[in-house]
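Residue-level structure breakdown
Residues per chain, in single letters:
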Amino acid sequence: MKIVYSEDHNLHDGLLDPRGDGWSPSSECPARANNVASTLREQGFGEFVAPEIFADEKIYRIHTPGYVDFLRNVWTQWEQSNETGTNARPDTFVGNGMRYADTNCVIGKLGRYSFDATSPFVAGSWQAIRSSANVALTGAELVKGSDRMAFAACRPPGHHATQNYCGGYCYLNNNSLAAQSFLDSGARKVAILDVDYHHGNGTQSIFYSRNDVLTISLHADPAVEYPFFLGYADEPGEGIGHGFNVNYPLPFGTGWDNYKDALADALRQMQGFAPDVLVVALGLDTFAGDPTTYFDIQTAEFRDMGQAIAALKLPTLVVLEGGYSVEWIGQNTLNFLTGIEGG
Ligand SMILES: [Zn+2]
């Protein structure tokens, strides 16, 4: 299996998370993707390839030009403003009854295009964000060609980002860009299976009114876990998209015994849809040892998860999403990829 990877993600560094009364180094740090890359290399898994560079038109298939301009320019605008701080971050959001006004103030722009305060910008963020999208799109090209499977080692992740919002450490929705790229090259139907611990609210929103992409997400119940405001069981899609979104909210403490039953049901839904291609949004934060989450999946069980999904026998692109155990994310990724490759 080819691994698409770029060192550009290291430019998105020095991020801070709001925690308690202050700020802490972000869980979404370069060491995550570096651990994935080094573990796969040390174990001799797969063949590393660099991403191709794709035109912005590929990005505009999912994201609005205004939003992409914001991502591209926000750090420069931050530096030119009176704001201080190493992380450009919003503090004011658009509530119900307010307007999505085109404010010129950088703090206003940050609030206009964010749904939370966990996706800051530093000097190198845009290059890393754009490169991460290129990684996913390159993975799609491989699967369109002679590769039956590929792994896009994306960072930053993407599944919380909508057409015009960043949030949850996500900026461009890498798995959605890949899915659209498959459709634009002739695939009739694409399925996205999101196994990250958190609901893939961005991916759901992007395809919610469409019937050419089936979106399925297994995740911690949003009644008690981020992103709180989407990801419930009664969100089937709308219009012609009705019936093409399925959510599996699961309780804290979910281990493989219960997870595998939900996954089996999800895979039956996938088979009924009969997609041409599968995109897996691979978050490793369902891991029992993840310091930020509350599921109980063991390292070896990621291989079982990969094997279960492999039974679909579909051309598959795996896209890296979350996972915050820097020590174990590489091994967990390796186990999943070994399982889905048929090992
Ligand atoms: Zn997550």
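As a reminder, the structure under discussion sits directly above these lines.
Scope of this entry: the structure provided in the associated data block.

Digging into the overall build of the protein
When you go through the protein residue by residue, the secondary structure sums to ten helices and ten strands. At 19 Å, the protein has a C-alpha radius of gyration in line with the 20 Å of a compact globule built from 343 residues. For the protein, the spread of C-alpha atoms along the principal axes amounts to about 55 × 45 × 40 Å. Sorting the 343 residues of the protein into buried and exposed places 57% on the buried side.

A short note on the packing of helix H1 (residues 30-42) against helix H10 (residues 329-340)
Running from amino to carboxyl end, H1 crosses H10 at an angle of 55°, the nearest separation of the two axes being 7 Å. Relative to H10, H1 is oriented oblique. As for the relative orientation of H1 and H10, their crossing is right-handed in sense. Contact residues: H1 offers Arg-32, Asn-35, Val-36, Thr-39 and Leu-40, while H10 offers Ile-329, Gly-330, Gln-331, Thr-333, Leu-334 and Leu-337. Class assignment for the residues of the contact of H1 with H10 results in five nonpolar, five polar and one charged.

Things to note about the layout of surface pockets
The space that makes up the largest pocket amounts to roughly 420 Å³. Lining of the largest pocket is provided by 21 residues; of these, Thr-118, Tyr-169, His-198, Tyr-226 and Thr-292 occupy positions nearest its centre. In this structure, the second largest pocket spans a volume of roughly 350 Å³. Residue classes in the lining of the second largest pocket are distributed as seven nonpolar, five polar and one charged.

Examining the coordination of the zinc ion
Listed as protein donors to the zinc ion are Asp-196 (OD), His-198 (ND1) and Asp-285 (OD); their distances from the metal cover 2.0 to 2.1 Å. Sequence spacing among the residues donating to the zinc ion works out to D-x1-H-x86-D. On the criterion of sequence distance, the pair formed by His-198 in the loop between strand E6 (190-194) and helix H7 (201-207) and Asp-285 in the loop between strand E9 (277-282) and helix H9 (301-310) is long-range, its members being 87 residues apart. Taking relative accessible area as the criterion, Asp-285 reaches 0% and is therefore assigned buried.

Topic: the packing of aromatic side chains
Per the counting criterion, the structure on display carries 17 aromatic pairs. Note on Trp-256 and Tyr-259: the rings are 6.1 Å apart at their centroids and 25° apart in plane angle, and the pair reads as stacked. In this pair, Trp-256 and Tyr-259 both sit in helix H8 (residues 256-273), three residues apart, roughly one turn of the helix. Each of the two residues, Trp-256 as well as Tyr-259, counts as buried. Cluster of aromatic residues (ring-pair linked, three or more members): Tyr-67, Phe-70, Tyr-113, Phe-121 and Tyr-171. Between Arg-112 and the ring centre of Tyr-113, over which it is positioned, the NZ or CZ distance is 4.6 Å. One Lys or Arg, Lys-189, reaches over the ring of Phe-273 and ends 5.1 Å from the middle of that ring.

Section: the environment of Pro-156
Its location among the elements puts Pro-156 in the loop between strand E5 (149-152) and helix H6 (174-184). A relative accessible area of 2% means that Pro-156 is categorised as buried. The sequence separation of Pro-156 and Cys-29 amounts to 127 residues, and the corresponding C-alpha distance is 8.8 Å. Aside from chain neighbours lying at most four places away, what touches Pro-156 is His-12, Glu-28, Ala-128, Ile-129, Ser-132, Tyr-169, Tyr-171 and Asn-174.

Some points on the environment of Asp-13
Relative to the assigned elements, Asp-13 resides in the loop between strand E1 (2-4) and strand E2 (16-19). Through-space distance from the C-alpha of Asp-13 to that of Asn-87 is 9.9 Å; in sequence the pair is 74 residues apart.

Concerning the sheet that holds strand E7 (residues 213-220)
Here eight strands make up an open sheet; going across it, the order is E4-E1-E5-E10-E9-E6-E7-E8 and the pairing parallel. The sheet is open, and its two edges are formed by strand E4 (47-49) and strand E8 (245-250), each paired on a single side. Ignoring strand direction, the axes of neighbouring strands in this sheet form an average angle of 20°. Pairing geometry for E6 and E9, over five bridges, is parallel. When the bridges of E9 are listed, Asp-194 appears paired with Ala-281. Strands E6, E7, E8 and E9 of the sheet are contacted by H8, whose axis makes an angle of about 175° with E7.

Cut-offs applied
- By convention here, each chain's residues receive numbers from 1 onward along its written sequence.
- Totals for whole chains, interfaces and linings use all residues, but because this is a predicted model, local features are given only for residues with pLDDT of at least 70 and pairs of side-chain atoms are given and counted only at 80 or more.
- To get the side-chain values, all heavy atoms of the structure are used, and hydrogens and water are removed first.
- Only DSSP runs of H or I reaching four residues or more are called helices, and only runs of E reaching two or more are called strands; each is numbered from the N terminus.
- With the radius of gyration taken over C-alpha atoms, the globule rule is written as 2.2 Å times the number of residues to the power 0.38.
- Burial classification: accessible surface area is computed with a 1.4 Å probe over protein chains only, and a residue below 20% of its type maximum counts as buried, one above 50% as exposed, and the rest as partly exposed.
- Between N-to-C directions, angles span 0 to 180 degrees; the directions come from axes that are lines fitted to C-alpha atoms, helices contributing only their stretch in contact.
- Angle categories: roughly parallel below 35 degrees, roughly antiparallel above 145, roughly perpendicular from 65 to 115, and oblique for all the rest.
- For a crossing to be left-handed, the near helix must be turned anticlockwise from the far one by less than a right angle; the clockwise case is right-handed.
- By the convention used here, residues are in contact when the closest approach between their heavy atoms is within 4.5 Å.
- In this count, Pro and Cys sit with the nonpolar residues alongside Ala, Val, Leu, Ile, Met, Phe, Trp and Tyr, while Asp, Glu, Lys and Arg are called charged and the others, Gly among them, polar.
- The definitions used throughout rest on a 1 Å grid laid over the protein atoms alone, on which a cavity is an enclosed set of points accommodating a 1.4 Å probe that cannot get out and a pocket is an open set flanked by protein within 12 Å on both sides along at least five of seven lines; lining residues are those having an atom within 4 Å of a point.
- Grid points are joined across faces, edges and corners, and a volume is the space filled by probe spheres set on the points.
- For Na, K and Ca the donor cut-off is 3.2 Å, while for other metals it is 2.8 Å, and in both cases only N, O and S atoms qualify; water is not among them, so sites may look incomplete.
- A pair of Phe, Tyr and Trp rings is counted when the ring centres sit within 6.5 Å of each other, with Trp represented by its six-membered ring. The angle between the planes then sorts it: under 30 degrees is stacked, over 60 is edge-to-face, the rest tilted.
- Throughout this description, the term charge over a ring refers to an Arg CZ or Lys NZ atom that lies within 6 Å of the ring centre and within 35 degrees of the ring normal.
- Following DSSP output, two strands are said to pair if at least two bridges run between them.

These figures capture arrangement, not role.
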